[in-house]
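Chain by chain, the residues run as shown.
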Amino acid sequence: QVQLVESGGGLVQAGGSLRLSCAASGSIFSITSMGWYRQAPGKQRELVASIISGGSTNYADSVKGRFTISRDNAKNTVTVYLQMNSLKPEDTAVYYCRVVTDYRNVYWGQGTQVTVSS
């Protein structure tokens, strides 16, 4: 089992920055990938960025050059960050952390609201 706790959402003006955090605990040794998804009202949940155990990253085209995903390994927790710069109103959504383990179990965070005002 993996437990996830997200933080860092909020309200920001267009052009501003936010950093999201997702702390994973429990069976962190089994994590193979971590990522961030988002879901805007009336839209499907979509991948924003992901990072695998080897460090390779993947980004949605809409956030390339503006968002950066990173990961920090500690003794009992693994934290994945999403640094979001040059935010746009279309980035407004609920952002979810997602973790996949080596047995392909998927865990989701509780979600954090990001609102970008124009």
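Everything in this summary refers to the structure shown in the same document. (Residues numbered from 1 in each chain as written. Predicted model: local features only at pLDDT ≥ 70, side-chain atom pairs only at ≥ 80, totals over all residues. Heavy atoms only, no water.)

Concerning the overall build of the protein
Under the convention used in this document: Numbered from the N terminus, helices here are DSSP runs of H or I no shorter than four residues, and strands are runs of E no shorter than two. Burial here depends on accessible area, computed with a 1.4 Å probe over protein chains only, as a share of the maximum for the residue type. Under 20% is buried, over 50% is exposed, and the range in between is partly exposed. Methods summary: accessible areas were calculated by the Shrake-Rupley approach with a probe of 1.4 Å, and residue burial reflects only the protein chains presented. Neither His nor the chain ends is counted toward charge; the positive residues are Lys and Arg and the negative residues Asp and Glu. A charged residue contributes its charge at one atom only: NZ of Lys, CZ of Arg, CG of Asp or CD of Glu.
From N to C terminus, the protein includes zero helices and eleven strands. Starting at the N terminus and ending at the C terminus, the protein contains elements arranged as β-β-β-β-β-β-β-β-β-β-β. Judged by the C-alpha coordinates and their principal axes, the protein covers about 40 × 25 × 20 Å. Within the protein, the fraction of its 118 residues that count as buried is 43%. In the form shown here, the protein has an accessible surface area of approximately 6,300 Å², with 46% of it arising from carbon and sulfur atoms. Distance from the positive charge centre (11 side chains) to the negative charge centre (7 side chains) of the protein: 2 Å.

Focus on the state of the cysteines
What counts, and what does not: Two cysteine sulfurs form a disulfide in these notes if their separation is within 2.5 Å.
Taken as a whole, this structure holds one disulfide when the rule is applied. With a sulfur-sulfur separation of 2.2 Å, cysteine 22 is cross-linked through a disulfide to cysteine 97. On the S-S bond that ties cysteine 22 to cysteine 97, the torsion sits near -80°, and the link is left-handed. Of this pair, cysteine 22 sits in strand β3 (residues 18-26) while cysteine 97 sits in strand β9 (residues 93-101), and the two are 75 residues apart along the sequence. You can call cysteine 22 buried: its relative accessible area is 0%.

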